[in-house]
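# Observations on the three-dimensional arrangement
The primary structure of each chain is shown beneath.
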Amino acid sequence: MQNVIMRPGSSRFGLIACVAAVLASAGCDVENPTRVTPENAEARRLIEGASARWEEAIRTIVAGIFVASDEGTYHGTNTQLYAVDETGDLSLYDFFQSRITLVSEARVLLEMAIERAEEKRERALKRKAHTWRGWTLIRLAEIWGDQPIRPGGPVLTQREILEEARKDFLAAIEGGPDVRPDTMGEAGLEIPVDSAYTQALAGIARINWLVGRSPVDPALLQEAIAAVDEALTLDPDLYFRIPVRTNTLRSGMGGSYRPTPAFANYRHWWQETSTYPLQGTKFVDKDELWLIKAEAQLLLGDLEGAKQSLKRTPLLPRNLSGVVRQRTYTQPLLTPEEIDAYFDPLDEDGVLFAIRELQRENQYTHGRRNVGPDGRPILPVALPAGVY
């Protein structure tokens, strides 16, 4: 699949010649690739193709950000990765930069899926495609910043791209959650049929957290809190995972890739134990949402509310960041008494420090860390030359 990142004058349906290959990589049964056309491509398969593009892209994105940030160092044979390790500049790593093509392919496939689901009135698939497109736009904006997202269109700012993502999430939650009447939660709440609704709410929370902190925008932060509350009420264990068949960090950890001393105590998400279930590379999870809520409350002047949200963050009792006390993942979890004794006397600075430490652990090896070894941001990365 080549040259799918849109250039001025290109057609979005120029991508369809490549859809068969994408679907095949997603494990779909395609008898004759030449017969896949804009008229017969199914929304479900287009979404699977977009997921396959993400699956291929994310392993390089995660490994690259691990090396460029203060999370890890590189000890292999790739000279470009050595340069990234030394400078924190991911634009020096050609293979990382080529991943924008895959993520852009995913975006275009999802746009096609939205159209197809709309035509066939497939509500659940349309919601899912909107949610995936919204998260794709968030990550494009976070990683590569300002860029065009329409053929021949203008360069959009990072903020404008995030607002595009918001439109997708609002479309995904329109009409309320789809539910199964036969499923009831412990609190008597109906359970959504699929997770796209709660994932879209999480996307709204992420956007408002990104743009509502500096300067502080009370309306956006209140909306973030409301989105978190609804998402976690519907799905207390929310974990939006990106499928991954191969894991560059896992295969190279301890060899080519090594954590820095500040992260050496952290558990990698693939280290499964009874306390730490196997997870996966993620867009967002419940811990991030609790931390978004806590920081929003803190910025709005609700210190006690922020403390309560921190206390309810599932990561806190098992954290390895040293919040409350330093522990390893084989040692006993923090007790409620220990947590209360630590948090109750904290001031705003102490609460913010705890939020940042837990965010650092929550983002570890998920391609989210935006702090270089020198303390400066490593994202967004300059766009590859000549792409648009």
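Look up: the structure comes first, before these words.
This one's a predicted model, so the numbers in the text were calculated from it and none came from an experiment.

### Description of the nonpolar core
Trp54, Ile61, Leu90, Phe96 and Leu289 are the most contacted members of the largest nonpolar core, which has 85 residues in total. Broken down by element, the residue count for this core peaks at 14 residues, all from helix H2 (residues 43-68). Every residue in contact with Trp54, bar those within four places of it in the chain, is listed here: Ile61, Val103, Ala106, Trp132, Thr136, Arg139, Ile242 and Phe283. Judged by nonpolar contacts, the second largest core, of 18 residues, contains Leu291, Val323, Phe343 and Ile355.

### With respect to empty space enclosed by the protein
Going through the model one piece at a time under the given rule, you end up with three cavities of 30 Å³ or more. A volume near 210 Å³ is recorded for the largest cavity. Mapped by element, the contributors of at least two residues to the lining of the largest cavity are strand E6 (282-285) and helix H13 (348-363). In the lining of the largest cavity, the residues fall into seven nonpolar, five polar and six charged. Considered as a void within the structure, the second largest cavity measures approximately 70 Å³ in volume. What lines the second largest cavity is Ile58, Arg59, Val62, Val244, Thr246, Asn247, Thr248, Leu249, Trp269, Trp270, Thr281 and Thr365. Elements with a contribution of two residues or more to the lining of the second largest cavity: H2 and helix H9 (248-252). Here the element with the most residues in the lining of the second largest cavity is H2; it accounts for three residues. The residue makeup of the lining of the second largest cavity, split by class, is six nonpolar, five polar and one charged.

### Brief notes about the pattern of salt bridges
In the structure shown here, the tally under the stated rule is 33 salt bridges. Residue Glu105 pairs with Arg53 through a salt bridge whose shortest N-O separation is 3.3 Å. Of this pair, Glu105 sits in helix H4 (residues 94-120) while Arg53 sits in helix H2, and the two are 52 residues apart along the sequence. Residue classification places Glu105 among the buried positions, given a relative accessible area of 0%. A salt bridge links Lys311 to Asp340, with the shortest nitrogen-to-oxygen separation between them at 3.0 Å. Taken together, the residues Lys311 in helix H11 (residues 303-312) and Asp340 in helix H12 (residues 336-343) connect sequence positions 29 residues apart. On the basis of relative accessible area, Lys311 is assigned to the buried category, the value being 18%. Through salt bridges with shared partners, a single ionic network connects Arg107, Glu111, Arg133, Arg150, Glu164, Lys167 and Asp168.

### Quick notes on the packing of helix H8 (residues 218-234) against helix H10 (residues 286-299)
In the contact formed by H8 and H10, the axes pass within 9 Å of each other and the chain directions differ by 150°. Every pair of crossing elements has a handedness; the one defined by H8 and H10 is left-handed. Along the contact surface, H8 presents Leu221, Ala224, Ile225, Val228, Asp229, Ala231 and Leu232, while H10 presents Lys286, Leu289, Trp290, Ile292, Lys293, Ala296, Gln297 and Leu299. Looking at the contact of H8 with H10, its residues break down into eleven nonpolar, one polar and three charged.

### What about the packing of aromatic side chains?
Tallying each qualifying case throughout the model produces 17 aromatic pairs. Between Trp54 and Phe283, the aromatic rings sit 5.2 Å apart at their centres with planes inclined by 90°, giving edge-to-face as the arrangement. Pair noted here: Trp54 is in helix H2 and Phe283 is in strand E6, with a separation of 229 residues, a long-range link. Assessed through its relative accessible area of 1%, Trp54 is described here as buried. An aromatic cluster of three or more residues is present, and its members are Phe66, Tyr74, Tyr82, Tyr257, Phe263, Tyr266 and Tyr364. Sitting over the face of the ring of Trp209, Arg213 holds its NZ or CZ atom 3.8 Å from the ring centroid. Over the ring of Phe263 we find Arg360; its NZ or CZ atom is 4.8 Å from the centre of that ring.

### Some thoughts on the environment of Gln297
Mapped onto the fold, Gln297 is located in helix H10. On the basis of relative accessibility, which here comes to 9%, the residue Gln297 falls in the buried class. Distance from Gln297 to Ala224, taken between C-alpha atoms, is 9.9 Å for residues 73 residues apart in sequence. Dropping the residues within four chain positions of it, Gln297 is found in contact with Ile225, Asp302, Gly305, Ala306 and Ser309.

### Examining the packing of H11 against H12
A pair of packed helices is captured by two measures, namely the crossing angle of their axes and the spacing between those axes. Following both chains from N to C, one finds H11 and H12 inclined at 150°, their axes separated by 11 Å at the closest point. As judged from the angle between their axes, H11 and H12 are roughly antiparallel. For the pair H11 and H12, the crossing hand works out as right-handed. In this structure, H11 contributes Lys307, Leu310 and Lys311 to the contact, and H12 contributes Ile339, Asp340 and Phe343.

### Some points on the layout of surface pockets
Its boundaries defined by the atoms lining it, the largest pocket holds a volume of some 540 Å³. The wall of the largest pocket is formed by 18 residues, among which Trp209, Leu210, Arg213, Arg368 and Asn370 lie closest to the centre. Taken together, the elements giving at least two residues each to the lining of the largest pocket come down to helix H5 (123-144), helix H6 (158-173), helix H7 (196-211) and H13. Sort the elements by how many residues they give to the lining of the largest pocket and H13 lands first, with four residues. For the lining of the largest pocket, the residue count by class is seven nonpolar, four polar and seven charged.

Conventions adopted
- Residues numbered from 1 in each chain as written.
- Predicted model: local features only at pLDDT ≥ 70, side-chain atom pairs only at ≥ 80, totals over all residues.
- Heavy atoms only, no water.
- Core = buried A, V, L, I, M, F, W, Y, C linked by side-chain atoms within 4.5 Å.
- Buried < 20%, exposed > 50% of the residue type's maximum accessible area, 1.4 Å probe, protein only.
- Helix = DSSP H or I, 4+ residues; strand = E, 2+ residues; numbered from the N terminus.
- Contact = heavy atoms within 4.5 Å.
- 1 Å grid on protein atoms, 1.4 Å probe; cavity = no way out; pocket = protein on both sides within 12 Å on 5 of 7 lines; lining within 4 Å.
- Points joined across faces, edges and corners; volume = space filled by probe spheres on them.
- Nonpolar A, V, L, I, M, F, W, Y, C, P; charged D, E, K, R; others polar.
- Salt bridge = Lys/Arg side-chain N within 4 Å of Asp/Glu carboxyl O.
- Axes fitted to C-alpha atoms, helices over the stretch in contact; angles between N-to-C directions.
- Left-handed = near helix turned anticlockwise from the far one by under 90°.
- Phe/Tyr/Trp six-rings, centres within 6.5 Å; stacked < 30°, edge-to-face > 60°.
- Lys NZ or Arg CZ within 6 Å of the ring centre and 35° of its normal.
- Parallel < 35°, antiparallel > 145°, perpendicular 65-115°, else oblique.

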